[in-house]
Amino acid sequence: MTDETTPSRPAGARAWLREHSELGVGVLLLVLGVLVLTDALTMSVDITQRGPVGPRTVPVVVGIGLLAVAVLLAVDVLRGGRGEAEGGEDVDLDEPADRRTVALLTGVFLAFAVLIGPLGFPISGALLFWGSAYALGSRHHDRDPLIAAGLSLVTYFVFDNLLGVPLPGGPLMGVL
C-alpha cells in the first residue's frame, strides 16, 4: 500500500533519469567515440605512402576526445552537476519550430547531395551556400549569390589544391 508521498519504484527510477538526463548525452558521446576509434583503427593504410601523420591520426584524436568528454560529463552529472538553462538565448521555447526554414534547409541539402555529381562542387556548393543563406533569412539578392560563389570557389581550391582532397569539379573541371 503506497500513499501519494512515497513514490513507487518505477516513478523513482523515472525521476532519477529525468534528473540525470545529461547522461544520455554522455552515452551518445561514448558510442560515437567507440565508433570513430573502431573505424579509425580498422582502416587499412600503408604508412610508407602517407608519412607519419596519416589518415588515422585525426580520427583517433577525435575518438579519444569523445571518450574523455563522455567520461568527464558522466562524472560531473553523477556528482550533481547540471547544465544551465537557456536563459541568455533569444529563443522562445514555447513557440513551435519554423517548419518553412527547416523544409528549405532540408531541400537545399538534398539538392546539394543530388547535384554535386553532375554539377561539381563549385556550382553545387554555391547553390548550397546561397540557398542556406536564403533559408535562414538573408534577402540580399544582389550580393548573396556572389558571396556564395566566392566561398564555394575558395572552399574548392583549399580542399583540392592545398589539402589534396579531390572534390568533383563538374563542367568547370577544365576551367579550374
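Residues numbered from 1 in each chain as written. Predicted model: local features only at pLDDT ≥ 70, side-chain atom pairs only at ≥ 80, totals over all residues. Heavy atoms only, no water.

For the protein, the name recorded in an unreviewed UniProt entry is Tripartite tricarboxylate transporter TctB family protein, with Streptomyces atroolivaceus as its organism.

**As for helix 5 (residues 99–135)**
How we decide: Secondary structure follows DSSP: runs of H or I at least 4 residues long count as helices, runs of E at least 2 residues long count as strands, and numbering of each begins at the N terminus. Given a helix with a known number of residues, its expected span is that number minus one, times 1.5 Å. Note on bend: at a given residue it equals the angle between the axes fitted to the 7 residues ending there and to the 7 starting there.
Spanning 37 residues, helix 5 covers only 11 Å between terminal C-alpha atoms, well under the ideal 54 Å at 1.5 Å per step. At glycine 120, helix 5 is deflected by roughly 135°, the largest bend along its length, and proline proline 122 occurs up to four residues later in sequence.

**A short note on the nonpolar core**
Spelled out, the test is: Think of a nonpolar core as a cluster: buried Ala, Val, Leu, Ile, Met, Phe, Trp, Tyr and Cys residues, connected wherever their side-chain atoms sit within 4.5 Å. A 1.4 Å probe rolled over the protein chains alone gives each residue an accessible area, and that area as a share of the maximum for its type sets the label: buried under 20%, exposed over 50%, partly exposed in between. Residue contacts are counted whenever heavy atoms from the two residues lie within 4.5 Å of one another.
Core analysis: the largest hydrophobic core is formed by six residues, namely Val108, Phe112, Phe121, Leu128, Tyr156 and Leu167. Looking at which element gives the most residues to this core, the answer is helix 5, with four residues. For phenylalanine 121, the residues in contact, after removing those within four places along its chain, are Phe112, Ile116, Ala126, Ser152, Thr155, Tyr156, Leu167 and Pro168.

**Concerning the pattern of salt bridges**
Condition: Basic side-chain nitrogens of Lys or Arg form a salt bridge, by our definition, when they fall within 4 Å of a carboxyl oxygen of Asp or Glu.
The tally for this structure, following the rule as stated, stands at one salt bridge. With its nearest N and O atoms 3.9 Å apart, the salt bridge here joins aspartate 144 to arginine 143. Among the residues examined, aspartate 144 registers a relative accessible area of 10% and is labelled buried. Residue class for arginine 143 comes out partly exposed when judged on its relative accessible area of 43%.

**Concerning the UniProt feature "transmembrane region" (unreviewed entry) in the protein**
In plain terms, the rule: UniProt positions are given in the numbering used here, feature names are shortened, and annotations may be inferred rather than shown by experiment.
The UniProt entry lists residues 23–45, 57–75, 102–134 and 146–167 under the feature "transmembrane region" (unreviewed entry), expressed in the numbering used here. A helix fraction of 100% and a strand fraction of 0% characterise residues 57–75, whose end C-alpha atoms lie 27 Å from each other. The span residues 146–167 carries 77% helix and 0% strand; its end-to-end C-alpha distance comes to 21 Å.

**Quick look at the packing of helix 5 against helix 6 (residues 144–162)**
The test is simple: All axes here are fitted lines through C-alpha atoms, helices being fitted over the stretch that makes contact, and every angle between N-to-C directions spans 0 to 180 degrees. For classification purposes, an angle smaller than 35 degrees is called roughly parallel, one larger than 145 roughly antiparallel, one from 65 to 115 roughly perpendicular, and anything else oblique. Crossing chirality is assigned from the near helix's rotation relative to the far helix, an anticlockwise turn below a right angle marking it left-handed and a clockwise turn marking it right-handed.
Close contact between helix 5 and helix 6 brings their axes to 8 Å; oriented N to C, the two are set at 135°. Between helix 5 and helix 6, the crossing angle belongs to the class labelled oblique. Between helix 5 and helix 6 lies a crossing of right-handed hand. Residue-level contacts link Phe121, Pro122, Gly125, Ala126, Phe129, Trp130 and Ala133 of helix 5 to Asp144, Pro145, Ala148, Ala149, Leu151, Ser152, Leu153, Thr155 and Tyr156 of helix 6.

**Quick look at the side chain of threonine 101**
In plain terms, the rule: Polar contact is defined as a pair of N or O atoms within 3.5 Å, subject to the rule that within protein one atom must be able to donate a hydrogen and the other to accept it, and that residues adjacent in sequence are counted only when both atoms are side-chain atoms.
As for its position among the elements, threonine 101 is in helix 5. Under the relative-accessibility criterion, threonine 101 is labelled buried at 16%. Looking at threonine 101, its side chain comes within polar contact range of the side chain of aspartate 98, at 2.5 Å. If sequence neighbours within four positions are ignored, threonine 101 has contacts with Ala135 and Leu136.

**Some words on the packing of aromatic side chains**
The condition is simple: Here is the rule: rings of Phe, Tyr and Trp (six-membered ring for Trp) pair when centre to centre is within 6.5 Å. Planes less than 30 degrees apart are stacked, more than 60 are edge-to-face, and the remainder are tilted. Look at NZ for Lys and CZ for Arg. If either is within 6 Å of the ring centre and within 35 degrees of the ring normal, a charge sits over the ring.
The tally for this structure, following the rule as stated, stands at three aromatic pairs. Here the basic side chain of arginine 139 rests over the ring of tyrosine 134, its NZ or CZ set 3.9 Å away from the ring centre.

**Remarks on the packing of helix 2 (residues 22–41) against helix 4 (residues 57–78)**
Here is the rule: Classes in brief: Ala, Val, Leu, Ile, Met, Phe, Trp, Tyr, Cys and Pro nonpolar; Asp, Glu, Lys and Arg charged; the others, Gly included, polar.
One way to put it is that helix 2 packs onto helix 4 with a least axis distance of 8 Å and a crossing angle of 160°. Compared by their axis directions, helix 2 and helix 4 come out roughly antiparallel. Where helix 2 crosses over helix 4, the two elements pack in a sense that is left-handed. The residue inventory of the contact of helix 2 with helix 4, partitioned by class, reads 21 nonpolar, three polar and one charged.

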